[in-house]
Every structure is written in C-alpha cells, then in structure tokens.
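What follows is each chain in one-letter form.
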Amino acid sequence: MEKFITLFSTAVPLFIDNIDTDQIIPARFLKLTTKSDFGKNLFRDWRYDSNGKIKKNFILNKKKYSGNILITGKNFGCGSSREHAAWAIRDYGFKVVISNIFADIFKQNALNNGLLTIELKKDFINLIYKKMFLNPNILFEINLEHQYVKFENNKEFFKIDDFKKKCFINGYDDIELLFSIKKKIEIFEKKNIYN
Amino acid sequence: MNKTLFEKVWESHVVFSLNKKIDVLSIDRHYIHEVTSSQAFEELKKRKIPILRNNKIIATTDHNVPTKNQHLPIKDVLSKFQIETLEKNCYDNGILFFGLKHDFQGIVHVIGPELGITLPGMTIVCGDSHTSTHGAFGCIAFGIGTSQVAMVMATQCLLQTKPKQMRIKLEGKLNLGVTAKDIILYILSKLGPDGGTGYFIEYSGYVFKRMNMEERMTVCNMSIEMGARGGMIEPDSTTLKYLKQRIFYPKEKEFKKIKKICKNLKTDKKALFDKEYKFNSDNIYPIITYGTNPSMCISISDPIPIGYKNLQIKSLKYMGLKEGEYLLGLKINYVFIGSCTNSRIEDIRLVSKLIKNKKKADNVYVMVVPGSKQVYKKIINSGIDLILLNAGFELRKPGCSACLGMNEDKIPYGEYCLSTSNRNFEGRQGKGARTLLASPLVAAITAIEGKIVNITEYIKTNTIIVCK
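Residues numbered from 1 in each chain as written. Chains lettered and ligands numbered in written order. Predicted model: local features only at pLDDT ≥ 70, side-chain atom pairs only at ≥ 80, totals over all residues.

## Examining the pairing of strand β9 (residues 164–171) of chain B
Residue and element names in this part refer to chain B.
Argument step 1. Two elements, β9 and strand β10 (residues 199–204), share six bridges in a ladder whose sense is parallel. Its bridge partner lying in β10, R167 is registered against E202.
Argument step 2. Between the parallel pair β9 and β10, the chain is carried across by helix α6 (residues 180–191), and the sense of this crossover is right-handed.
Argument step 3. Where β9 and strand β12 (residues 275–280) come together, six bridges link them in parallel fashion. Its bridge partner being in β12, R167 is matched across the sheet by E276. (Pairing = 2+ DSSP bridges. Helix = DSSP H or I, 4+ residues; strand = E, 2+ residues; numbered from the N terminus. Right-handed = clockwise from strand over helix to strand, strands pointing away.)

Structure below.
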C-alpha cells in the first residue's frame, strides 16, 4: 500500500446522497480479473449517455472541478460489496473521499486500498458545498497525522482508528498484522467448535 | 452477564483483541464466487502466501453465468475467462468447487444453506454483500471486499470493528398476501437506506419465529439494504428440522453437538441492545418499491409519497413516475423471479400455486431463474416446470441473472420490471431499466395481469389461499 501522510489538493463535489456501488461501477464492467483499468468506467452511466457521448452536466465532466479529493453526500458506497468501486475511484485519481457517513463494506474496501475515507459533520460538509459553489478552486489540506481537514480558515478534525492510521502512514495492511499473530490463530483454531 | 445472540457468537470467535474496537475474528466458512475472488488469489500468489485452510472454502459460479444453454461453451470471452480462472484457482488450491456442470451449483447464498454447509452459530463471509442471508441460522454472516477475501484465505481471520447491536421486534398477525419480502421491505421503509449502518441486527418476535427457513433467509438477506453489517435470527426447532433434510446432513454425533450449540444461541432476557425497534405486522400490506433504493417503498394500493427532497425527484425522474401518483394499473412488460432473496423452492412453489391453470398476460415476458441446480431439480421432479410452461413463464437455469445485469439477462432501457430481487438501483438490471421490487406473490399476480393490481383485492376476489 502507498504511504499517506498529508495531501494538498482541490476537490470534486458530488453532492448526492446514497450513491451505491452500482453507480460507481456498473456490474457489466466487473468481468476483469485484474485490479487495474476500472477508472475509465467510474460513474460510467452518469458520465456517458447511452451512445457513449459525454454528459456535460455531470460534475466529473466539468473542467472547473478537479483534484484528488471526492466530496459526496451521505451513505456513500452503499449496496454491493464490490471492491471494484474502491479500485475505480483510486484508479481515476482520487486519494480521499469525504462524506457524512460511509456504507460499511465500502469504507473497509477503500481503507484496504489506500483510499482514505473521512467522515465529517453534516454542517462542515454543507459549508464546503457552499464555499465550493462560489469558488471551485479551493485548496484543501488533509492532514492524517493530526487528523484534520482544512480549507481557507476552516478546520475540522476527524476520527480514524489508530491501527488504520498506522497502516496508511506506514503503508502496510491487515495481512501483515494477521501474520504476526499466526501462532495465536493456530492455538485458537484447536478449540473452535466448528474446526 | 446477560448477552445477546450476537455477542455470544462474536465472542466465541475472537482470537485476539487488537485494541478496544478492533477484534481478530476467526471465520468458519468462506464462500467464494467468480467475480470477487480472482484478484485475491492473484494477490496471494504475488506475495507468495499459501491458503491456510482450503477445507473451509466453498466455491461456486453464479454472478456471471449464462442462464440459457449452460451445457454449451460460454460465448462472452471475458465471462468465460473469469469462470475458468475460478475453476483453475480452486483446482490449484484444492478448494471444493461447484462449477456450472455440478449438481450443487447455484447462487452462493442459496446453495450454502440448502446443502447444509451453513450451520448455526458460525461466522461466515463471502465477497458478496448478501452474505447476511446466512444470519437466518443464527450466524454472524457478512459481505466482504476482495482484499478481505485474500486475508481470510491467508489467515482464516479478519480484522473487524465490533458493530453496535440493534433488535427489531415484530409481533402481530399477517394480512392477506403478506410474505417475508413485504416484511423486510416494510422495515426498510421505516429505517431508510442507512438506518442500520454500524449495526448488526437481531430480528425477534412471533412473526419471525413462525417463519420457515426460506422466509427467514429472505429477511436476513436484505439487512444490508439498510446498511447493517448483517442480520440474524435465533436458531430453533425450525432450524434443526431444516438441517436434518440437507444433503450434507450432519451425522448423528455432530447433530447432537449442533443441537447443544443451538440451545445456547439465544439472547438472554436482560441483554442490552444499542437500539431497539418494535413494529406490528397488522400494519403491513403487500409492498412494492417505487424509487431507486429498496427503502423507497409503499403498500401497493398507496400513492407515492409527496414532499421528499431532491433525491426523490432524481429517483422519480429515473423511474418515470410522479409524486402522489398510484402504481395501480401501471403496465409491466417484464417480470423477474429469482435472486438470492427469492429463488428458493418455497418461492417457486408459491408462484406455481398462484399461476396454476392460468396464463401470463400477452404484454409480459416472465423469467423464472431458480437459485440452484437443486431447486431446478425439484421444480422438474414436482411438475412445476409444466405449470410454468403452460402459463407462458420461461424457466431458466440457475444464476444471479437479471438481479444485477452482469450476464446477458438484462431489462431493456426504460422498461419496468417487477422483480423479486433485492436492489432497484439505477441501471441495476440493465442500463435505464426501471425496477420495482416486490414478493414472488406480487410477481406472479403481476405476470398474470400484465399490470400492477391491488393484491389484497385480487386475493379476495380470486379466493386464493396463500397462508400457511
């Protein structure tokens, strides 16, 4: 996993609630057996019409918005557990997704792929929306070490599990941790009722 | 100390607590399928990590298989490669694989319970969000991503934050035409698409107690649609009776052990939940969805609610519907009966009872996709195939099919599909397809009528007996 400590970037605001993983990457693109190349089909049916033409009104197609941060409505990533959704967002170039609340499986998938999910209070997200409407080029600072998001004179702290934070800062993953306790796992297995 | 069913199962599977929130959870069963496993095998290969317990993994193909001509080579090159990759990975690693030609092949959440591989009190994972289905057996069962599939393969464990606990109690009688699907849709309408986020649900009360295992599976299956990690029901005599009839029926000695396990799998009287809801089934009538997430649903004879915000406008525009409008009379050209929610033999039996000696409406195309080869076999052996044929319903071979529109079974652009599946998201059943979720009972009647009808009235006037 790539290391992550701080990020300075502009953002793309996609202010829709309950965006499900079928929108993020439709099932017909899940036939690949690799982890790469999903970015081109990110939000496929919102980015392109049925003739494959670009939909100019969709936020990802608007030139004035760009950056490594995706800011979205609540309950982002609900529905299917497809990790392809996290791969597609990462492959497209986003490194951080901000929402009021994430769907559980999506959050875990994102964190396992170096895509940082940050949950912020509704009021703060609404403030971002308002400010970005006036100025699409706002620069955000994402500071993982001190756990805050900052733009202009606004700063908001966020929570992240200590272990996950360590994983991001050091670039390692759950498998490495699980391997370090292999002995414990083996001992446990012997007393497990369904062993 | 008083404990919930969830706590009992969870705590008996904790290998190690990493910190106050994260536990290392041991996994008893790991189901895999073609779409979310290949990258996990690849990852392990790359890191030179062997699979720790291949005997705890069960593989099948379901998401991306054709439901016609399954005996012929698969035409779609990518699909063919994806399925062959799973087969090869299973062969190389000594994993039990129920491929297309196998008698036990089917939708992963149908075959696990049906074969008796899912047992009470287990921890079960699968790279599929509807793994919550297995909670019907008192299991902690939940969907995971591909990175986690790799973790379980490597260590038979997962790092998991312990979810909060919710209890949903349902008491009362069942109104005419109300099935397990209507009950879970009703609960969804009350909690919304994120009402369960961060929670594990226990369904309790007389209504669930009275359900058979197929119905309980339908309920637990859709727990994920309110964002819950999973949903579970206390195992009881119904559970044990079901297990006795399975192909992998546990031998007498093991069955005694399971019986003993089940005795302890109850929520203690004074156990505490973080959140509790109580509903009364007297208020539930046959339900249908009108929007683009499963919680956007109403009683069939009610109008679409007015006064929601932007989301509702976007949804209704996609669905070609308006606020305040009635769905009654809406012409339906496609009916899909299938998916891990409603493709079990009990579902198909119910459909066959309703359509016996009837014909589908001319405008409708009806597809019945059984959940497994075993279900298919039962359909043939009990003559249900002839009832379906006479009614003009097309019986397909097992797979996920039009539930997720991954193979060629798709609903055309702009068309309404009355579907017994679990998701009505934009484009879920095909680009531009408009999904209305409902029970197999509603699906069968809609197929006969060719439009949405008042189910309660229909049952009364046609004197259909649908209750157990």
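## A few points about the sheet that holds strand β6 (residues 123–126) of chain B
Residues and elements named next belong to chain B.
Argument step 1. Pairing is parallel in the open sheet, where five strands are placed in the order β5-β4-β3-β6-β7. Looking at which strands have only one partner, the edges of the open sheet turn out to be β5 (96–98) and β7 (140–143). For this sheet, the mean inter-axis angle between neighbouring strands, taken without regard to orientation, is 20 degrees.
Argument step 2. The sheet contact formed by strand β3 (residues 29–32) and strand β4 (residues 57–60) spans three bridges and is parallel. Its bridge partner lying in β4, Y31 is registered against I58. (Axes fitted to C-alpha atoms, helices over the stretch in contact; angles between N-to-C directions.)

## Brief notes about the nonpolar core
Argument step 1. I89 of chain A together with I183, I288 and V335 of chain B are the most contacted members of the largest nonpolar core, which has 196 residues in total.
Argument step 2. In this structure, this core is formed jointly by two domains, domain 1 (5–277) and domain 2 (291–461) of chain B, each of which donates at least three residues. (Core = buried A, V, L, I, M, F, W, Y, C linked by C-beta atoms within 7 Å. Buried ≥ 20, exposed ≤ 12 C-beta atoms within 10 Å, placed from the backbone. Domains from an automatic or database assignment.)

## Some remarks on the interface of chain A and chain B
Argument step 1. With 46 residues of chain A at the interface, the matching set in chain B holds 57 residues.
Argument step 2. Elements with a contribution of two residues or more to the side of chain A that touches chain B: α1 (21–24), α4 (104–111), α6 (162–170), α7 (174–180) and α8 (182–191) of chain A.
Argument step 3. Per element, the largest residue contribution to the side of chain A that touches chain B is five residues, and it comes from α7 of chain A.
Argument step 4. For the side of chain A that touches chain B, a count of residues per class yields 17 nonpolar, 14 polar and 15 charged. (Contact = placed C-beta atoms within 7 Å. Nonpolar A, V, L, I, M, F, W, Y, C, P; charged D, E, K, R; others polar.)

## Here we look at the environment of N75 of chain A
Argument step 1. Mapped onto the elements of the fold, N75 of chain A is located in the loop between β3 (69–72) and α3 (84–92).
Argument step 2. Overall, the presence of 24 C-beta atoms within 10 Å leaves N75 of chain A in the buried class.
Argument step 3. Between the C-alpha atoms of N75 of chain A and D20 of chain A, which are 55 residues apart in sequence, the distance is 8.3 Å.
Argument step 4. What N75 of chain A contacts, discounting residues up to four positions off in sequence, is D17, N18, I101 and A103 of chain A together with P193, D194, T197 and G227 of chain B.

## A look at the pairing of β3 of chain A
All names here are of chain A.
Argument step 1. Neither face of β3 is left uncovered, since the one carrying I69 and I71 and the one carrying L70 and T72 both have all their residues buried.
Argument step 2. Bridging between strand β2 (residues 11–14) and β3 involves four bridges; their strand directions are parallel. Note on β3: the bridge partner recorded for P13 is I71.
Argument step 3. Inspection of the sheet shows β3 paired to strand β4 (residues 96–99) by three bridges, in the parallel sense. Paired with L70 across the bridge in β4 is V97.

## Section: the sheet that holds β4 of chain A
Residues and elements named next belong to chain A.
Argument step 1. Spatially, four strands are ordered β2-β3-β4-β5 in an open sheet, and the strand pairing comes out parallel. Every other strand in the sheet has two partners, leaving β2 and β5 (116–119) as the edge strands with one partner each. Sheet twist, expressed as the average angle between the axes of neighbouring strands with direction ignored, equals 20 degrees.

## A few points about the domain arrangement of chain B
Residue and element names in this part refer to chain B.
Argument step 1. In terms of domain boundaries, chain B breaks down into domain 1 (5–277) and domain 2 (291–461).
Argument step 2. Put simply, the middle of domain 1 and the middle of domain 2, counted by C-alpha atoms, are 24 Å apart.
Argument step 3. Of the residues lining the interface, 37 residues belong to domain 1; the matching set on domain 2 comes to 37 residues.
Argument step 4. Looking at the side of domain 1 that touches domain 2, the elements that each hand over two or more residues are α4 (108–115), α6 and α8 (213–221).

## What about helix α13 (residues 373–381) of chain B?
Residue and element names in this part refer to chain B.
Argument step 1. Among all positions in α13, only K373, Q374, V375, Y376 and I379 are buried.
Argument step 2. Residues of α13 that are buried make contact with α4, α12 (345–355), α14 (384–391) and β17 (394–395).
Argument step 3. Remark: G383 follows α13 within two positions and exhibits a positive phi of approximately 75 degrees.

## Describing the confidence of the model for chain B
Argument step 1. When pLDDT is averaged along chain B, the result is 96; 98% of the residues meet or exceed 70.
Argument step 2. Confidence metrics for the complex model read pTM 0.97 and ipTM 0.96. (pLDDT = per-residue confidence, 0-100.)

## Some thoughts on the packing of α12 of chain B against α14 of chain B
All names here are of chain B.
Argument step 1. In contact at an axis separation of 10 Å, α12 and α14 are set at 50 degrees when each is read in the N-to-C sense. In this view, α12 runs oblique relative to α14, as classed from their interaxial angle. For the crossing formed where α12 meets α14, the hand is left-handed. Mapping the contact onto sequence places I348, R349, S352 and I355 in α12 and I384, I387, L388 and A391 in α14.
Argument step 2. Broken down by class, the residue content of the contact of α12 with α14 amounts to six nonpolar, one polar and one charged. (Parallel < 35°, antiparallel > 145°, perpendicular 65-115°, else oblique. Left-handed = near helix turned anticlockwise from the far one by under 90°.)

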